[in-house]
Amino acid sequence: MYALAGPNKDASEGMKRELFVLSSKQHGGGPVMQCWHPDGLLLSTTGQNKVVHIFDRSGALVDEISLAAPCQQLDWAKDGDLLAISQQESNSVLFWDKNSRKTTTLDTNLKESVSFIAWSKVGPQLAIGTTRGNLLIYNKKTQRKTPTIARHTKAITTGAWNGKNYLALGGEDKQITVTTHEGEPVEQTVVKSEPLDIMFSEMKADKKSQKTESTISLNLGRKTIYLYNLTDRDNPIELAFQPKYGTITAYRWFGDGYMMLGFSEGYFVVISTHMKEIGQELFSSKLFNSALTDICFSAALKKTAVCGDNTIKVVDVGNWKSVTDTFMIENEVVDKLSWTKDGTILSVSTESGAVYNFLTKIPMINAVSDTRWSCLASLRAVSVVDSLVPDRNIVIDLDFEPLFVALGPLHVSVGVNNHAWFYKVANDSQAMVAKKEYLGTVERITINQVYAAALLQEGRVQLHGIEPSVTQSKLFPEKEGDEASITCCELTKDFLIYGTSKGVIVYFSLSDWTQLSEYKHDKGLAIKGVWPNPTGSRIVFVDANNDGYIYSPVSDDQLVQIPKFPITVSRVMWDSADAGVFVVADLECEKLYTYTFHAFSTTQAVATQIATSKPAERYVAVLTHNGVFTAIGDTGLGVKITLASHEYIAPPNTLTVDKAKKAFNQCLALGRLKDCWELSMKCKDKDLWSQLCKQAMMLLDIDTAINVYRQVGDAAMVLALHKLRSVEEKHLLAGHISLLLQDYQQAEYLFLQSSRPQMALEMRRDLLHWEQALKLAAKLNPETIPILSKEYALQLEGKGDWKKAIEMYSKGVTGANDEQDRQCTAGIIRMTLRLGDTQKGISMCLGVKDKTLYRECAAILESMKQYAEAAALYERGGVFEKAVTLYLQVKNHQAAGALIDKVTSPKLHGQYGKLMEEQRRYPDAEKAYSVAKEIDSVIRLNLEFLGNPEKAFNLARETRSPEGARLVAKFCQSKIGDFKTAIEFLLVAKLSDEAFVLAQKHNEMEKYTDVLGNAGTPEEYKRVAQYYESKNDLLNAGVFYMTCGSYPKALELFLQVGESAADKAIELVGKAKQDTLTRQLIDFLMGDTDGIPKDPNYIFRLYMALDNFEQAANTAIIIARQEQELGNYKIAHGILFDTYKDLEMRRIKIPNELKQNLMLLHSYVLAKILMKQKDHMGGARMLTRVAKNISKFPSHIVGILTSTVVECHRAGLKSSAHNFASILVRPEYRNQIDAKYKRQIEQIVRKPDRTEEHEDVEPCPVCSDPLPVTQLDCTSCKNFVPYCIVTGLHVTLDNFTQCPSCRFPALFTHFSKYLLQEKACPMCETPCTAPEAPDPNPVAALKALLEMGATSAPENSPKRSESGDLDQREKLRRCGRLCRRWAACLENDL
């Protein structure tokens, strides 16, 4: 919702707009007394100057009344004709007559002065209280004065009347009295303090009941509120408040038993008088720094004004926390507030004697013309605003306050009573062009470009030209003496449209100046209102039952009732941008109902309610344009509200997909198909396209439908719609569309209404709707009845309605002896059989000589269980299988045998084979069984009757038939004693128990297990294991215990077998993954059970089986180290290499120690290769690497060092040669030097040569820093750099390759050269071919190698279990102990 810069330029200031001010000079200074007329027409004020002023709503002085003494009280009679004035120290009351503007004096005939006056709320009585407690009731109608017995002893100071005309009074004597309007006493009670501000109200009850104002409330000494209920007099309620609030300065009742209070400390409090809520504050707020002096509540506005200091605040009773307006009066102290009954004017009096009057609500009279609207800009000004251009508004000042306004394309009219003034507002003009006096009081006026129509209160319409140049005029109703009065009227460009109290709607043509049409509504219900669309071609009207209708005098669908029409309607607004959309507003616009109406569619015209909008506030409806509802608020401010039906509609490029879908649904409901197309293209949603297709077709928008169907790829629908583009006739086109939408009833109706009713018949025929087709054919084309009858008969035959079918077949016979007659004759024969006349039917069938008919009749006879006749007809019809089936069923063996070779059905051959077997024709039976695939029967015949057991054996093996195998097994046991074969076939027959017993009995368990294979059950394997255990074959028993899952038993047996079953035990533990079994096996391998340690390789295999790759790697390292210490370098190299590949295959990171040991062993291998190739430098470098770790080669220390010295000397590495020679000449090695090299080595030591060639450097493949070619530990990036498997040098990125087999790295040039000679990888010794080029992506390969080289434990390494398994350190310790034991034993053996 947003505000318009509309008719009231000051409306944005809300209630702050000052209407007029009555200065203190008029009242003589000091506090002012003020009182509004009940209808808000006059304001009476008086001050210290002893003059009562009467002003109109604009602040103009109407009359002045001079007093003899200061005024004490002012009060208007309920009908507003008299103003009562009481004066201080006076025993009379002065009356001012509004109509005569004269004053009269009422003498009370009492000696004491008047202290209180109050007019009755419902009657003509005036209550007059005196200073001595006397009461006089004056009736203005009868002018009777009724004195009552004095019930007060002191002055009456406050009082109030209720709706029952009871009077409650309070006085200085602290008494409350209640009397009737005739002065009869009702109640009297005493309170503890002087009562102030007595009021009548109804306390809030649990259930809503009729208001009786039975509760008297009063301000008791300004400290508490006292509630006295006349229906519960024994239980008065006194409400006290927090001391911080101060004293009570004012209070007011409002709503359903709620009360608001003001306090001397500036607090504003709201409470409820509901008994469950008594004592609870609904709202409390300090609104002023000093006292809150007065409260004034407007039921019309549902707002409360409070004042204090120089400030007035307006609070919304719907939301107490919302102060809607706050404004101040400079240099004044606000004293009292009063509001007109309709909430239009708020009067504020000050202590200085001034009265400020604020316009708080503008009267909601308005008029609409297209997108323009007019309303009051103030009480004496009217404005015209264009909702599309809200800044261009016209304001016309007036000399009076209008009661009605009308707007046309060129003029605006305002008026009061029976007068109207017309102003031209075209081209920013504001000139008055005419003034009109009507024959009666005007209820409303409607105008167009030329004419004005005034609806008079007498039920007539006066039509006349606006400007003097148009002289035509007319008075409606035209017929004199017509009892029907006109209740509503509207003008369009071409018509005057009015409705009457008798339910008649009349169209009067302005161009022809004659009545055009007249519609009489059902039951003669009065027409309450009409709202035409801009052209007047359609109107919405409401009748006396509050039902809404759409009426068109020229349409086929003349009258359409509007569904879900609201009971109360303030205005119907046709959307000026959407011709088929209108909005219905209920009273005060609490709800807005959006409807669509599509006159041209595949269905009958219908209005559809598509959305309901609920504005946050109440407004006066004005107009609707493009889904935006324009209304007027209480302050005259124009507001625009987007209807719920248009909430999401916006340009597609500004919407998200979700909002675009919502916008699509709204556009679809509104019939905006082009917008729907754009939105669906944004969403690309098939469901949206499907909805759009259907809606476009229903609204006969063929082009849009074609576009959408083309988008979804429905070529058939696109072609069908293309053919309809040339159809111009509405009914014919709508009929075709209804047919495509499968609404066949509507399609038939539309086709019959078109110029081609034959289309309805064709449609029903194509849809197989034969009954409807026959009815249409009788009217449209009788010649097609025989064809339709035949087709209908076929359908009836399929449904089983044979009696009606034979009737239709008979109607289909034309006597032309053509295909039509042949089909009908065949149908008659079939129906004859169906109806039970078989002899006649068969006779007729044989006379036709039609194989198709034979088959059809045979099927009918079969269903009727006439099998012999059916078989004969099947044979004549060539359906031999059916014939043989039925011949066998009726035991006609001869006829069946004659046809058996012509059938292929296995079932029939099986039946025939059984028959031949019964007749002991075994070869024929075998043949039939073979064709029928009944192999068990074939096996049985060969075993029992044909003497061919081998054929039976082969068939049983091929087919694996359990029954056939059982027969063969029985034959082998009983006939030929072949128990092995019997065991085989018993297992094939799933007779495992019998096979086991037989194998056990004849000691053929090996045959049993061979045949059983892996297909056995745990129970079967366990039974075999128990058998072998009983035979003391512990190895086989353990194998089968392991197979059946009895792992503890199996391990026990394997351990009893000894080391020969260690591999099986390791396999078992790896499969079982049970900690107990693992510990048991480890104890066995370490010799804890028998004192004999086993081969450490078993430990390695155990860890591998347990997926404990880290410990497996550690074990492999230990084993390799033992081999290495023994000088078995090739074996150690193989162990480490195999472990490396196993870990790599499982994506387990390689331990650094394994990598280092493998690198040293491989360097030793390379040294030999390089020395053999006469590469002394390469050999020297590799030997130097080995020699630096000579402690790991204890078996060949002297030999390796000797080779190192010799190769270094040959390669020119003099310094290195001297260093290693110095080690050799040590006493522990000197005597072991080969005599061949001893002299040379000693010479190198005696005459040292420190010269040595610097080692080449290449960039580190990881960090690119220079690195000596044989150095594998990079000092920059701290990585262990991969080395070449051919040269032992570290790899480089530009010369990187890998072995195709083991994927170890190499330098491409060296690897290629090496493979030309050796043909096998030096690492894995696998034959391979040289790569054609270096690795194109060496970085990725290098990254993988580095990742595999980390030393962290594998992620899936087993951890210590909760059951107490050995932790990794203990396992490693015990593994080391095992290795040491094994080494000790080996040394003893040596």
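The residue numbering used here restarts from 1 in each chain and proceeds along that chain's sequence as written. Note on the predicted model: pLDDT of at least 70 is required for a residue's local features to be given, and 80 or more for side-chain atom pairs to be given and counted; whole-chain, interface and lining totals, by contrast, use all residues. Based on all heavy atoms of the structure, the side-chain values leave hydrogens and waters out of the count.

## Overview of the overall build of the protein chain
Definition in use: Helix and strand assignments follow DSSP, with helices taken as H or I runs no shorter than four residues and strands as E runs no shorter than two, numbered in order from the N terminus. Only C-alpha atoms enter the radius of gyration; for comparison, a globular chain is expected to reach 2.2 Å times N to the power 0.38, where N is the number of residues. Working definition: with a 1.4 Å probe on protein chains only, accessible area under 20% of the residue-type maximum means buried, over 50% means exposed, and in between means partly exposed. Should any heavy atoms of two residues lie within 4.5 Å, those residues are counted as being in contact.
The secondary structure content of the protein chain amounts to 42 helices and 64 strands. Its C-alpha radius of gyration of 58 Å places the protein chain more than 25% over the 34 Å reference for a compact globule of 1390 residues. Judged by the C-alpha coordinates and their principal axes, the protein chain covers about 160 × 120 × 70 Å. Counting every position in the protein chain, which comprises 1390 residues, the buried fraction comes to 51%. Intrachain contacts of the protein chain at a sequence separation of at least 6 include 43% that bridge at least 24 residues.

## Observations regarding the sheet that holds strand β6 (residues 61-66)
Strand pairing in a sheet relies on backbone hydrogen bonds, with the paired strands running either antiparallel or parallel. Selection rule: Strand pairing is assigned whenever DSSP detects at least two bridges linking the two strands. An axis is simply a line fitted to the C-alpha atoms; with a helix, the fit covers only the stretch in contact. Between two such axes, the angle follows the N-to-C directions and lies from 0 to 180 degrees.
Taken in spatial order, the four strands make up an open sheet running β3-β4-β5-β6, and their pairing is antiparallel. Each end of this open sheet is capped by a strand with a single partner; those strands are β3 (33-36) and β6. The mean angle between the axes of side-by-side strands here comes to 15 degrees, regardless of whether they run parallel or antiparallel. Across five bridges, strand β4 (residues 42-46) lies against strand β5 (residues 51-56) in antiparallel orientation. Within β5, the residue paired with leucine 42 across the bridge is aspartate 56.

## A few points about the confidence of the model for the protein chain
Reading fine detail from the predicted coordinates is not recommended where pLDDT is low. Using the following cut-off: By definition, pLDDT measures how confident the predictor is in each residue, and it falls between 0 and 100.
In the predicted model, the protein chain carries a mean pLDDT of 86, and 95% of its residues have values of at least 70. Below a pLDDT of 50 lies the segment residues 1-15, which in the model reaches 54 contacts outside its immediate sequence neighbourhood of four places, other chains included. The model gives residues 1350-1390 a pLDDT under 50, and that stretch makes 65 contacts with residues more than four places away or in other chains.

## Regarding unusual backbone geometry
Glycine aside, residues mostly have negative phi, and peptide bonds are mostly found in the trans state. Cis geometry marks the peptide bond from phenylalanine 476 to proline 477; its omega dihedral reads 0 degrees. Its place among the elements puts proline 477 in the loop between β45 (473-476) and β46 (486-491). Here the phi dihedral of glutamine 742 falls at roughly 65 degrees; this positive angle occurs in a residue that is not glycine. Even without a glycine there, the phi angle at lysine 1319 is positive, about 70 degrees. As for its position among the elements, lysine 1319 is in the loop between α40 (1308-1318) and α41 (1338-1348).

## Focus on helix α19 (residues 922-931)
Where we set the bar: To be clear, the arc concerns the directions from the helix axis to the C-beta atoms.
Those residues of α19 that sit buried are Tyr922, Ala925, Glu926, Ala928 and Tyr929. The buried residues of α19 all sit within an arc of 165 degrees when viewed along its axis, so they share a single face. In α19, the exposed positions angled more than 90 degrees off the buried face are occupied by Pro923 and Lys927. On its buried face, α19 sits against α18 (906-918), α20 (935-944) and α21 (949-959).

## A word on a negative patch on the surface
Under the convention used in this document: Grouping into patches uses exposed residues only, defined as over 30% relative accessible area, and leaves out salt-bridged ones; the cut-off is 9 Å for like charges and 5 Å for nonpolar side chains (Val, Leu, Ile, Met, Phe, Trp, Tyr). Surface exposure here means Shrake-Rupley accessible area, sampled with a 1.4 Å probe, where a residue is shielded only by the protein chains that are shown. What makes a salt bridge here is a side-chain nitrogen of Lys or Arg within 4 Å of a carboxyl oxygen of Asp or Glu, nothing more. None of His or the chain ends enter the tally, which takes Lys and Arg as positive and Asp and Glu as negative. Where a charge lies is defined by one atom per residue type: Lys uses NZ, Arg uses CZ, Asp uses CG and Glu uses CD.
On the surface, Glu1253, Asp1256, Glu1258 and Asp1294 cluster together into a negatively charged patch. On the accessibility criterion, aspartate 1294 (64% relative accessible area) is exposed.

## Some words on the sheet that holds strand β28 (residues 303-308)
Reading across the sheet, the four strands line up as β27-β28-β29-β30 and stay open at both edges, with antiparallel pairing between neighbours. Only two strands of the sheet have a single partner each, and these edge strands are β27 (294-298) and β30 (319-328). For this sheet, the mean angle separating the axes of adjacent strands, direction not counted, is 25 degrees. Judged from the five bridges that link them, β27 and β28 form a sheet pairing that is antiparallel. Following the sheet pairing, aspartate 294 is matched in β28 by cysteine 307.

## Focus on the pairing of β5
The side chains of a regular strand alternate between both faces of the sheet. For β5, the tally of buried residues reaches six of six residues, placing the bulk of the element in the interior. By the alternation rule, side chains of β5 split into Val51, His53 and Phe55 and Val52, Ile54 and Asp56, which are all buried. Relative to β6, β5 runs antiparallel, the two being bridged by five bridges. In the sheet register, valine 52 faces β6, and the bridge partner there is isoleucine 65.

## With respect to the environment of leucine 752
Topologically, leucine 752 is positioned in helix α7 (residues 744-753). Judged by relative accessible area, leucine 752 falls into the partly exposed class, the value being 35%. Apart from residues lying up to four places away in sequence, leucine 752 is in contact with Pro757, Ala760, Leu776 and Leu780.

## Describing the nonpolar core
The line we're drawing: Among buried residues, those of type Ala, Val, Leu, Ile, Met, Phe, Trp, Tyr and Cys that are joined through side-chain atoms within 4.5 Å constitute a nonpolar core.
Membership of the largest hydrophobic core comes to 172 residues, with the highest contact counts inside it found for Tyr1008, Leu1068, Leu1081, Phe1193, Ile1285, Phe1304 and Met1323. For this core, the element with the highest residue contribution is helix α34 (residues 1152-1172), accounting for 10 residues. Other than its neighbours up to four places away in sequence, phenylalanine 1193 contacts Gln1124, Tyr1129, Leu1160, Leu1161, Tyr1164, Val1186 and Ile1200. Among the nonpolar cores identified, the runner-up in size contains 54 residues, and Ala663, Leu679, Ala777 and Tyr792 belong to it.

## Here's the deal with the packing of aromatic side chains
For clarity, the threshold we go by: Working definition: rings of Phe, Tyr and Trp (its six-membered ring) pair if their centres are within 6.5 Å, and the pair is stacked with planes under 30 degrees apart, edge-to-face with planes over 60 apart, and tilted otherwise.
Within this structure, the stated rule accounts for 38 aromatic pairs. An angle of 10 degrees between the planes, with centres 5.2 Å apart, marks the rings of phenylalanine 582 and tyrosine 595 as stacked. Of this pair, phenylalanine 582 sits in strand β55 (residues 581-585) while tyrosine 595 sits in strand β56 (residues 592-598), and the two are 13 residues apart along the sequence. For the pair phenylalanine 582 and tyrosine 595, a shared accessibility class is recorded, and that class is buried.

## What about the environment of glutamate 1318?
Within the secondary structure, glutamate 1318 is located in helix α40. The class of glutamate 1318 is partly exposed, set by a relative accessible area of 36%. A sequence separation of 934 residues divides glutamate 1318 from valine 384, and the C-alpha atoms of the two residues are 107 Å apart.

## A few points about the environment of aspartate 56
Rules: Think of a polar contact as two N or O atoms within 3.5 Å of one another; within protein, one of them needs to be a possible hydrogen donor and the other a possible acceptor, and neighboring residues in sequence only count if both atoms come from side chains.
Relative to the helices and strands, aspartate 56 is located in strand β5. On the basis of relative accessibility, which here comes to 18%, the residue aspartate 56 falls in the buried class. Here aspartate 56 is in contact with Phe20, Leu41, Leu42, Val62 and Arg380, once residues within four sequence places are set aside. Of note is the side chain of aspartate 56, whose polar atom sits 3.0 Å from the backbone nitrogen of serine 58. Among the polar contacts made by the side chain of aspartate 56, one reaches the main-chain amide nitrogen of alanine 60 at a distance of 2.8 Å.

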